[in-house]
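Structure at a glance
Listed here are the chains, written in short residue letters.
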Amino acid sequence: MNDAAGARDSQAPAAAKGEKDMKLNKVWALYYSATGTTGKVAATIGSELEAQLGLPLEEVRFTKPAEREKEYTFTENDLVVVGTPTYAGRMPNKILPDFREKLAGGGALAVPVVLFGNRSYDNSLAELCAVLERNGFHTVAAGAFVGRHAFTDELAYGRPGWSDLFEAKTFAKKIADKVKTLSAVPEPVKVPGDPDAPYYVPKGIDGAPVNFLKARPRTRLAKCTKCGACVRVCPMGAIDPRDVSSVPGTCIKCQACVRKCTKGAKYFDDPAFLSHVAMLERSFQEPRENEVFL
């Protein structure tokens, strides 16, 4: 396993049971962020922690298939901000195995952060906290932030905006104050939700459950220049590079190809998917607040 966090000082005295070597050497911001909103929040928190603690920061993108192939082993001298969006009220189910298998805490402090598209983060933050604790991290704080919904600009458009990022910085300052006073392994941060709860069931405009698992992005051939940007940004590697209108792989509806296509060539036309989007736009217009836990 690649030791991304570096080796511990072999001269440091062993800590007594229940105590912790509280000398932090580095801050990390590691995140899965298909359309960039989760990454913006996680990186902002990491950057402010860097400033407040006077430590170097390393940003790790954990989004594309090649980026998730690498394994990361951290140590008790690391503080790691870990970010993921909320998909159907939990962590993205196709990415979850990588969070479980590729991140080894080694006693590092962790700050789990989730982004949600103005509906609810449901159980995603509780699930991320549980995954990190099981992987050997010690969760010291956690946050749920609002971002533009991947499916539509009608929900939380422009977020995270200036005020959201200001809240993220304020949150980071409080985290820095907390870790500066730690003298022992912290109790896991308490957040709402059930890490083992089922996924949120999407509903259509009529309120009935809908299933759009087989939905795939379509291509407006008259607009497509075959530049391959959609292939490069797809976190599942689902788009055929030889024919960008073909999606033979697993599509998780992250909308990265739609959001990143500068020609507007990618779109979804699945009726069940569009009905769900219409329901979201009708039901969740009221701006939601960010929530943090220390």
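An account of the accompanying structure is given in this report.

Calculation criteria
Residues numbered from 1 in each chain as written. Predicted model: local features only at pLDDT ≥ 70, side-chain atom pairs only at ≥ 80, totals over all residues. Heavy atoms only, no water. 1 Å grid on protein atoms, 1.4 Å probe; cavity = no way out; pocket = protein on both sides within 12 Å on 5 of 7 lines; lining within 4 Å. Points joined across faces, edges and corners; volume = space filled by probe spheres on them. Nonpolar A, V, L, I, M, F, W, Y, C, P; charged D, E, K, R; others polar. Axes fitted to C-alpha atoms, helices over the stretch in contact; angles between N-to-C directions. Helix = DSSP H or I, 4+ residues; strand = E, 2+ residues; numbered from the N terminus. Parallel < 35°, antiparallel > 145°, perpendicular 65-115°, else oblique. Left-handed = near helix turned anticlockwise from the far one by under 90°. Contact = heavy atoms within 4.5 Å. Buried < 20%, exposed > 50% of the residue type's maximum accessible area, 1.4 Å probe, protein only. Pairing = 2+ DSSP bridges.

Within the structure shown, the criterion is met by one cavity of 30 Å³ or more. As a volume, the largest cavity reaches approximately 110 Å³. Each residue belonging to the lining of the largest cavity can be placed in one class, and the counts come to 14 nonpolar, two polar and one charged.

The next point concerns the packing of helix 1 (residues 37-53) against helix 4 (residues 162-181). Look at helix 1 against helix 4: their axes get within 8 Å of each other, and the N-to-C directions meet at 45°. With respect to each other, helix 1 and helix 4 are oriented oblique. Handedness of the crossing formed by helix 1 with helix 4: right-handed. Contacts between helix 1 and helix 4 involve Lys40, Val41, Thr44, Ile45, Glu48, Leu49, Gln52 and Leu53 on the former and, on the latter, Leu165, Ala168, Lys169, Phe171, Ala172, Lys173, Ile175, Ala176, Val179 and Lys180.

Burial runs high along strand 4 (residues 78-85): eight of the eight residues are buried. Side chains Asp78, Val80, Val82 and Thr84 of strand 4 all project onto a buried face; the interleaved residues Leu79, Val81, Gly83 and Pro85 project onto the opposite face, where all are buried too. Pairing of strand 1 (residues 26-31) with strand 4, which is carried by six bridges, proceeds in the parallel orientation. Looking at the pairing, Ala29 lines up with Val81 of strand 4. In the sheet, strand 4 pairs with strand 6 (residues 109-116) via seven bridges, with the strands oriented parallel. Looking at strand 6, one finds that Gly83 is bridged to Val113.

With that out of the way, let us pick up the layout of surface pockets. Its volume calculated, the largest pocket comes out at about 970 Å³. Here the residues of the lining of the largest pocket sort into 21 nonpolar, 15 polar and five charged.

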